[in-house]
Amino acid sequence: EEQGSNSTIQNEETGQIIEDNETTVKVSELIMDDFTLSMTFEVTLSDKVKDIIKAQDVVEMNFPDIVVYDENDVILNMVYEDTLNKFIQENNKQPKEVIGSGVNVFLSEKNENTVKVIYNFYTGGECIYPKSKEIYIDMNKIGISKNEIIMGEEEITLKGDWNFKVDVPEKMYNRQNIV
C-alpha cells in the first residue's frame, strides 16, 4: 500500500519550504534471507516536487533517517546511530537487539512521477536476520538530488512521516539456510 504523509519540502540551496502531502512511498519488492534484506521503495513524487526536480532528473535519492525493525522490536537496520537514539526516544521503545548490517542504495527506475530506490541491507558472519513476519519502516526524510552527492548534501529534502508495515511472505520467514 502506498503511504502518504503530511510533509514539507525544503530547498537546501535556498532554504525555501513548501507544504506537500501528496508524495507517497511503498515497498514494491522484498527479499529476505539470513544475510540479506532487500527492498525496492517506489516513491511517487507530488507535482510540487516535480516543479523543483522531475523524476527523470533524479540522480540520488535516499532516506537518511530510516529505521527498519520487526514485530519483536529487533532493529534490522538504521543508517546513523543518532537515528536509533531518536527512534527510542520518540517511540518509547527499547530494541531487544540491533542487527549490525551494511547497506547499498541505488536507483533502479525513473518514470513520469515515480522513482524506484533499492535498499540492499546485508549482514555477515555470525550476525543473521531473524525470521521476521512483519517489517516496520519508519522514516521522516527523503533526500533528493539531480547531482551525485554525499548523503546529507541533497538539493531538496522532503520532511514528513512515512511509517508503515510490510508483511513478510511465509516462504521467507519459514526459510532454511542451505550451505
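Coordinates for the structure precede this section.
1. As for the sheet that holds strand β4 (residues 36-44)
Right, on to step 1. Read from one edge to the other, the open sheet built from 4 strands follows the order β3-β4-β10-β9, with strand pairing classed as antiparallel. Only two strands of the sheet have a single partner each, and these edge strands are β3 (24-32) and β9 (102-110). Along the sheet, successive strands turn relative to each other by an average axial angle of 20°, direction set aside.
Right, on to step 2. Pairing of β3 with β4, which is carried by 8 bridges, proceeds in the antiparallel orientation. Bridging from a neighbouring strand, Thr24 pairs with Thr44 of β4.

2. Observations concerning the pattern of salt bridges
Right, on to step 1. Using the criterion set out here, one finds 6 salt bridges in the structure.
Right, on to step 2. Between Lys50 and Asp47 there is a salt bridge whose closest N-O contact spans 3.4 Å. Of this pair, Lys50 and Asp47 both sit in helix α1 (residues 47-50), 3 residues apart, which is roughly one turn of the helix.
Right, on to step 3. The class of Lys50 is buried, set by a relative accessible area of 18%.
Right, on to step 4. With its nearest N and O atoms 3.5 Å apart, the salt bridge here joins Lys165 to Asp167.

3. Description of the packing of aromatic side chains
Right, on to step 1. Counting across every chain of the model gives 5 aromatic pairs.
Right, on to step 2. Taken together, a centroid distance of 5.0 Å and an interplanar angle of 70° make the contact between Phe41 and Phe63 edge-to-face. Taken as a pair, Phe41 in strand β4 and Phe63 in the loop between β5 (60-62) and β6 (67-70) lie far apart in primary sequence, 22 residues in all. Side by side, Phe41 and Phe63 carry an identical accessibility label, which is buried.
Right, on to step 3. Both rings, one in Phe41 and one in Tyr119, keep their centres 5.8 Å apart while their planes meet at 85°; by these two values the pair is edge-to-face. Residue Phe41 is located in strand β4, and its partner Tyr119 is located in strand β10 (residues 114-122); the two are separated by 78 residues in the primary sequence.

Rules used throughout
Residues numbered from 1 in each chain as written. Predicted model: local features only at pLDDT ≥ 70, side-chain atom pairs only at ≥ 80, totals over all residues. Heavy atoms only, no water. Pairing = 2+ DSSP bridges. Helix = DSSP H or I, 4+ residues; strand = E, 2+ residues; numbered from the N terminus. Axes fitted to C-alpha atoms, helices over the stretch in contact; angles between N-to-C directions. Salt bridge = Lys/Arg side-chain N within 4 Å of Asp/Glu carboxyl O. Buried < 20%, exposed > 50% of the residue type's maximum accessible area, 1.4 Å probe, protein only. Phe/Tyr/Trp six-rings, centres within 6.5 Å; stacked < 30°, edge-to-face > 60°.

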